[in-house]
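A structural walkthrough
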Amino acid sequence: MDIVHERAAGMDISKRDVKVAVRKPGKRKGSYVTEVRTFGATTNQVLALIEYLQSEQVTTVVMEATSDYWKPFYYLMEDQLPLRLVNAKQARNIPGRKTDVNDATWLAQLAAHDLLPGSFIPPEPIRQLRDLTRSRSALVHDRAKVYQRMEKFLESSGIKLSAVASTLTGVSARNMLDALIAGERDPKVLANMAQRRLRSKIPELIDAMEGRFTDHHAFMMKLFLQQADGLTVMIDALEVQIGEAMIPFQEAASAIATIPGLSDTAAQVIVAEIGVDMSVFPDAAHLASWAGVCPGQNESAGRSRSSHTRGGDSYLKAVLGTAALNATQQKDSFLAARYRRLYPRRGGSRALVAIEHTILTAIWHMLANGEVFQDLGGDYYRQRNQTRAKIRAVKELERLGYDVHLEPAA
């Protein structure tokens, strides 16, 4: 096997230190030796590591993406060394021979033959935006869990507010909860705090607010509401910071938001996860594969064992899944028509993944070529091949037990 890099380094990173293996030519022609050293994970130790690798004149440095421990190394080294972050699954060592030193040596050997593709690491502005959007997602999830606990706790007091009001986050529900905490127990007084459309349900609210809400319940509900309010303050602060970080990428986000099913928030998350420079992905298929929204390949002896999608980017897949679900509800859009076309043959889950793939493909073309999204319309497939659509409709009616005779319309 050809050697691409005469001097290569592999790094096996842990929380406290890193094992660095440098593979370089030996004294005898055609031979190679590997030297392994250990460095700490502090900034000073990383700087010393950089000086060491520069003195060894390595032409490639490979490190595994181990948890978040790779970040302090990568961010300090990315501008000074030919660095490559690789997927630990692709660099897996032989079972039974796994030690930190062996892992570093194995990485150096793979790096010398250029056998490991690098992971996608976005530039610093996108990384900062990604930190913000991911933190917002985590806080929104935490707040939802607080309201779920609040709803379950209300059940123990006999208060059935969530059975009448669609959510506990609304103005009416919050007023009633505040009144309960303040000591109000009259169901009629509480029900009359309903606003707008919820006032039509005042009789149901009177029954729902009848319970045994005690001082203990008031104390616990007060804590829950304080926790939810604190999370809301944090989310609002993140929204402001995200808005400022999105200024350089606002044009791209606005273009992405024109796709059916995608909101402004979803567009922010997509920009934060994939960036705006599509040159890192050779084509739309590479982006879809990286994101994990295309069928996997697992074939052996001519038999396909599995086609499950890979893990991919969980944050990106979550927002694409929501967008695909929203797009299928828009009856006159191409995405909804594509979903309805795939659903009978492939099932709901696979059809949704296909819509995610279609959305991501469109995004790649918009960001790579500056194209504008144009919805092909809900009747795209019918107009593309009317004969096929007619045959399909006739077969469907015959399957339902009808005799079909077609005549041209006047």
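Source: prediction; values computed, not measured. (Residues numbered from 1 in each chain as written. Predicted model: local features only at pLDDT ≥ 70, side-chain atom pairs only at ≥ 80, totals over all residues. Heavy atoms only, no water.)

The number of helices and strands found in the protein chain is 17 helices and seven strands. The C-alpha atoms of the protein chain give a radius of gyration of 29 Å, which is well past the 22 Å a tight globule of 410 residues would have. Dimensions of the protein chain, computed from C-alpha atoms along their principal axes, come out at roughly 90 × 75 × 45 Å. Taking all 410 residues of the protein chain together, 38% fall into the buried category. Considering only residue pairs separated by 6 or more positions, the protein chain has 62% of its internal contacts joining residues 24 or more positions apart. Summing over all exposed atoms, the protein chain offers an accessible surface of approximately 23,800 Å²; the carbon and sulfur share of this is 50%. The distance from the centre of the 52 positive side-chain charges to the centre of the 46 negative ones in the protein chain is 6 Å. (Helix = DSSP H or I, 4+ residues; strand = E, 2+ residues; numbered from the N terminus. Rg over C-alpha atoms; globule rule 2.2 N^0.38 Å. Buried < 20%, exposed > 50% of the residue type's maximum accessible area, 1.4 Å probe, protein only. Contact = heavy atoms within 4.5 Å. Areas by Shrake-Rupley, 256 points an atom, 1.4 Å probe, with all protein chains shown as cover. Lys, Arg positive; Asp, Glu negative; His and termini not counted. Charge placed at Lys NZ, Arg CZ, Asp CG, Glu CD.)

Interaxial distance between helix H14 (residues 334-346) and helix H15 (residues 348-369) falls to 8 Å at its minimum, and their mutual angle equals 145 degrees. The element H14 and its partner H15 pack so that their crossing is right-handed. Mapping the contact onto sequence places Phe334, Leu335, Arg338, Tyr339, Leu342, Tyr343 and Arg346 in H14 and Gly348, Arg350, Ala351, Leu352, Ala354, Ile355, Thr358 and Ile359 in H15. When grouped by side-chain class, the residues that make up the contact of H14 with H15 number 10 nonpolar, two polar and three charged. (Axes fitted to C-alpha atoms, helices over the stretch in contact; angles between N-to-C directions. Left-handed = near helix turned anticlockwise from the far one by under 90°. Nonpolar A, V, L, I, M, F, W, Y, C, P; charged D, E, K, R; others polar.)

This part is about the pairing of strand S3 (residues 32-40). Bridge count between strand S2 (residues 17-25) and S3: nine bridges; the pairing is antiparallel. Each bridged residue has a counterpart across the sheet, and for Pro25 the counterpart in S3 is Tyr32. Here S2 hands over to S3 after six residues, with Gly30 in that stretch at a positive phi of 85 degrees. (Pairing = 2+ DSSP bridges.)

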